[in-house]
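Spelled out, the chains give:
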Amino acid sequence: MTSTTTAPFMPPPSWLSRFLRGLRGERTGMLGFVLVTLIVLAAIFAPWLSPYDPTAIMTGPPLAPPSSAHWLGTDNLGRDLFSRVLAGGRVAMLVAAAALSAALTLGVALGLLAGLGPRWLDNLLLLIFDAIRSFPVIVFGLAVVTLVGPSLFTVVLVVAITSVPIYARIIRTQAQSLRSAEFVLAERAMGASLPRLLGIHVLPNVLGPLLILASMDVPLVIATEAGLSFLGMGVRPPTPSWGVILNDGYNFIRNSPWPVVAGSVPIVLVTLGFTFLGEALRDIFDPRLQKAN
Amino acid sequence: MSASISHASSSATPGTPLMQIDALSVDFDTASGPIHALRHISLSVMPGRILGLVGESGCGKSSLAYSLIGLLDTNARICGGAIRFGEQDLAGLSESHWQALRGRRIAMIFQDPMTSLNPVRTIGQQLIDIQYRDRTSRVQKRSRALEFLEQVRIPDPASRLDSYPHELSGGMRQRVCIAMALLTRPELLIADEPTTALDATLEVQVIHLLRELQQKHGCSVVFVSHHLGTVAELCDDVAVMYAGEVVETGSVETVFRTPAHPYTQALLACDPASIREATRVLPTIPGELPDLRQVPQGCIFQARCPQVFDRCRQRSPDIYPVQGEQVARCFRVASEEPSP
Amino acid sequence: MITYAFQRLLLSALIVAVAMSLLIVMLHVVPGDPATMILGPRATPELIAQTRAEMGLDQPLPIQVLDFFGRVLRGDLGTDVFTGRAVGDIVFGQLPYTLVLIAVSIAWSAALGILLGCYSALRAGTWLDTLAGIVSVGTLSIPAFVMSLYAVLIFAVGLGWLPAIGAGEGVVDGLVHLILPAFAIGISWVGYVARMVRASMLEVMSAPHVRMGRAFGLTQARIVRSYILRIAVQPAVTLLGTGVVHLFSAAVFVEVIFARPGIGALIVSSVNERNYPIVLGAVLVTTVIIVLATLVSDLVVALLDPRQRDAL
């Protein structure tokens, strides 16, 4: 009895397989993906990867150049730069994740309010968004620090607030176009409630592009954190951050270039990695975003 | 007094063509191989006459029109034949030589007036831009622009000179484009479906305008269209194209009254205006256009021809005379009995 | 055009008003008391209450906001807590340095960026284009303050060619002192502008009106200038307009790293001292300038493209 052969069942391509297939065509995207993966892994496993305690002073001669004992050299207090860079990476990733999640959540909420609420609320929120966008992030951050004092929380707060307008605007546009779409009016006439419609129609469509935009904002967030910490307005010692490393490096720039190099190279790598990855994601999943950005 | 000479009456003596296209062939290079878009096109454009290029979408009439002004896409290659214009062969002409011809001896009107004009310059500025080769003063150029706006019957032309294109309607913009083309006093005007984007009443006005201005300026016109009625009304001569070949040429009267090629006959039969008795079913030509990446052996129309016989599938027909100036690329015309 | 400019001006004033109100409101929403911050942990409650009264912090919130705007409109931006000098004098004394720095940075980066982008578009696909693309991506990946540090490291400490401290004396010396700072701020913008101009030029180059220009035998130079670039450069102008915000952020770092005078340095030092009136005054002036910059860039775009003038 012969068995009938059928074509093997092919599950529809999931996001991941679509992504991996698309990535093969983009060399820079692959590079970005690799970089980002390495950075995230390094951040997660920082304590186990660090050869020394990042806050331990005098583990070696101060301001020493790279050697087999200290891969990136030491800073002015003899702390191992490589360990400090890894720990700084943790802080950076933490800030990015916290700030962007907060910004996305708040942005979605406010965007929905603006897009679906009464006209006066929409106008008011738009005005507030424009006002926030008129503040340079650093200046805003400095103003907040004047009031609240420097801390990691301050940084997260500042970055989150300044990122909200961008995401809110996108959600608002989507919500607005949905509000007057004919099929929505039809469904509401049949009794479907607005929140339910939002959940089914708006959020799935818009979550993807938002995440892509958020990933392209990571470099900016990290640069802001590093910048604020550099000015002494961010994380408090002894917590290392790339900005703090750079500040120490700046103070001793005439003695040794290595702290500056150690603090800056990760920032550049993160920027390159997330920019390439973000652009590849955008090209694979939503080429329309090219105009919006 | 305009300082530019009237080119239209200068070059060709009546009887000799203004432009002679000899066995022109054009390929488009694509990722899946070359598309043989135009094959052995032979046409004459006579001085002072309007030649219609007619055919269904995809027959290559626009490609032919663009090749006469050297504006084919970058992936297009002229792979055979010649385009004789005066002493020059335009096929393979360098870009700098083309630039000397365009806007002086050859001009073009495009299909979509909404996007043809530069949105950031006023009408007047654009009309003056194209006169950059003239040694006249700016005031003289401006008054020339005004003169031609009046010829195309733009209302209140003096204030229109300072308007931007987006302040004009589609019909007015097309008139401006016609004014621009004629202002350069070309010997040859190429019009690529200039009325397709306009509604019926505007189309009639533009056609009458073109007729009137062509008679006034005496230039030759190559008028591309897929609308038989328009071609019948405006043109003196017509060339019917199918899938990259010219299948029949002749004067409009002879070709439309006594079509010789089966494709022309079918086209005319499909024109709703020609239906004599009430019917529920509109006539169509069955079948599809052939794939031009692999041109079939034999006559290009064989797959859809109601009068096809064996010889059509084996050899490509040459161009045979029908009567007077009318010629057709069909074996049925070649001899009296169809021989297998 | 005039109505458009006027409407935009009104909108800008409104934005500034909202921005400053937000800042004052934040004072109350966010935990922490400026008076305590200024006076330190050993201040007595009476001293705190007195300082709060001096700073007007004991008034109800709407009164504080209105009070602030009232004083601003009369030209009074408050007084420095420590020296008693008018905040306005201090801020406007430092402002020109920052404005010059930002103006020079924008000027050189816009010019080079437009040239690079235009050239890349006209030579698209060639190795020059690829090289320019790599350079663009490379430069925009480095934040301004990192670039400043490297500029100091390489050109001042390493090679000793250019000065890295202060703003210099006189015009020529001032310009020499501007080289590294303006370079550090502008370099990442070259990349942004070039990429933007390249992309929009490629788009415009295949537009029908460009083909029509060629059909009339217009010269390549004229087509690029009036038919392509005038349209393609608009997104870059808008980019720079909204980018002034980031330029100010960059200026803060640059002024600190190069020890230059300016609003950025002023804000940083005032924050360190908890000199709240100066911070508020400086932020107000900064916001006004940024909003004005966006306004100017919108007006420039309207100048370049008549279709935008009706678009409000």
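Residues numbered from 1 in each chain as written. Chains lettered and ligands numbered in written order. Predicted model: local features only at pLDDT ≥ 70, side-chain atom pairs only at ≥ 80, totals over all residues.

Focus on the overall build of chain A
Okay, so step 1: For chain A, the helix and strand inventory stands at twelve helices and zero strands.
Okay, so step 2: Walking chain A from its N terminus toward its C terminus, one meets helices and strands in the order α-α-α-α-α-α-α-α-α-α-α-α.
Okay, so step 3: Taking all 293 residues of chain A together, 46% fall into the buried category.
Okay, so step 4: The long-range fraction of contacts in chain A, counting pairs at least 24 apart against all pairs at least 6 apart in sequence, stands at 67%. (Helix = DSSP H or I, 4+ residues; strand = E, 2+ residues; numbered from the N terminus. Buried ≥ 20, exposed ≤ 12 C-beta atoms within 10 Å, placed from the backbone. Contact = placed C-beta atoms within 7 Å.)

Examining the environment of A:Gly232
Residue and element names in this part refer to chain A.
Okay, so step 1: Note that glycine 232 resides in the loop between α9 (194-230) and α10 (242-251).
Okay, so step 2: Taking the C-alpha atoms as reference, glycine 232 lies 8.2 Å from asparagine 247; in sequence the two are 15 residues apart.
Okay, so step 3: Discounting residues that sit within four places of it in the chain, glycine 232 has contacts with Pro150 and Asn247.

Some details on the pairing of strand β6 (residues 106-109) of chain B
Residues and elements named next belong to chain B.
Okay, so step 1: Here β6 shows no split at all, with Ile106 and Met108 on one side and Ala107 and Ile109 on the other all buried.
Okay, so step 2: Taken together, the four bridges between β6 and strand β7 (residues 188-192) define a ladder with parallel strand orientation. The residue bridging alanine 107 from the neighbouring strand is leucine 189, located in β7. (Pairing = 2+ DSSP bridges.)

Some remarks on the interface of chain B and chain C
Size of an interface: often given as the accessible area lost when the parts come together.
Okay, so step 1: Facing the 20 residues of chain B at the interface are 20 residues of chain C.
Okay, so step 2: Per-class residue counts for the side of chain B that touches chain C are nine nonpolar, six polar and five charged. (Nonpolar A, V, L, I, M, F, W, Y, C, P; charged D, E, K, R; others polar.)

Overview of unusual backbone geometry
Okay, so step 1: Non-glycine residue A:Met58 carries a positive phi angle of around 55°.
Okay, so step 2: Looking at the element boundaries, A:Met58 is found in the loop between α3 (46-49) and α4 (81-116).
Okay, so step 3: The exposed category is assigned to A:Met58, around which 10 C-beta atoms lie within 10 Å.
Okay, so step 4: Look at B:Arg153: it is not a glycine, yet its phi comes out positive at around 60°.

Some thoughts on the packing of α4(A) against helix α7 (residues 152-179) of chain A
Residue and element names in this part refer to chain A.
Okay, so step 1: Where α4 meets α7, the axes come as close as 5 Å, and the angle between the chain directions of the two elements is 35°. For the crossing formed where α4 meets α7, the hand is right-handed.
Okay, so step 2: Its residues assigned to classes, the contact of α4 with α7 comprises 23 nonpolar, five polar and three charged. (Axes fitted to C-alpha atoms, helices over the stretch in contact; angles between N-to-C directions. Left-handed = near helix turned anticlockwise from the far one by under 90°.)

Some details on the sheet that holds strand β8 (residues 220-225) of chain B
Residue and element names in this part refer to chain B.
Okay, so step 1: Ordered by their spatial adjacency, eight strands build an open sheet running β6-β7-β8-β3-β9-β10-β12-β11, and the pairing between neighbours is mixed. Since the sheet does not close on itself, it has two edges, and those belong to β6 and β11 (320-323), each with one partner. In this sheet, neighbouring strand axes are inclined to one another by 20° on average, regardless of whether the strands run parallel or antiparallel.

Let's talk about the sheet that holds strand β4 (residues 76-85) of chain B
Okay, so step 1: Spatial ordering of the open sheet is given by β2-β1-β4-β5 (chain B), a layout of four strands whose pairing is antiparallel. Where the open sheet ends on each side, the last strands, each with one partner, are β2 (33-45) and β5 (88-89) of chain B.

Some details on the confidence of the model for chain A
Residue and element names in this part refer to chain A.
Okay, so step 1: In this model, chain A carries a mean pLDDT of 81, and residues with pLDDT of at least 70 account for 89%.
Okay, so step 2: Mean pLDDT values for the elements of chain A range from 44 in helix α12 (residues 289-292) up to 90 in α10.
Okay, so step 3: Every residue in residues 1-10 is under pLDDT 50, and counting partners more than four places away or in other chains gives zero contacts. (pLDDT = per-residue confidence, 0-100.)

Here's the deal with the nonpolar core
Okay, so step 1: Among the nonpolar cores identified, the biggest contains 262 residues, and B:Val222 and B:Phe223 are the most heavily contacted of them.
Okay, so step 2: Excluding anything up to four places from it in sequence, B:Phe223 contacts B:Ile50, B:Leu51, B:Gly52, B:Leu53, B:Ala191, B:Val231, B:Leu234 and B:Cys235. (Core = buried A, V, L, I, M, F, W, Y, C linked by C-beta atoms within 7 Å.)

Regarding the packing of helix α2 (residues 27-44) of chain A against α4(A)
All names here are of chain A.
Okay, so step 1: Where α2 contacts α4, the axes come no closer than 8 Å and their chain directions differ by 105°. In terms of their interaxial angle, α2 and α4 are classed as roughly perpendicular. Within the contact between the two elements, α2 uses Ile39, Val40, Ala42 and Ala43 and α4 uses Leu86, Gly89, Arg90 and Met93.
Okay, so step 2: Looking at the contact of α2 with α4 residue by residue, the class counts come to six nonpolar, one polar and one charged. (Parallel < 35°, antiparallel > 145°, perpendicular 65-115°, else oblique.)

Digging into the arrangement of the chains
Okay, so step 1: Most contacts, when the two pairs of chains in contact are compared, are made between chains A and C.
Okay, so step 2: There is no contact between chain A and chain B; across them, the least C-alpha separation is 17 Å.

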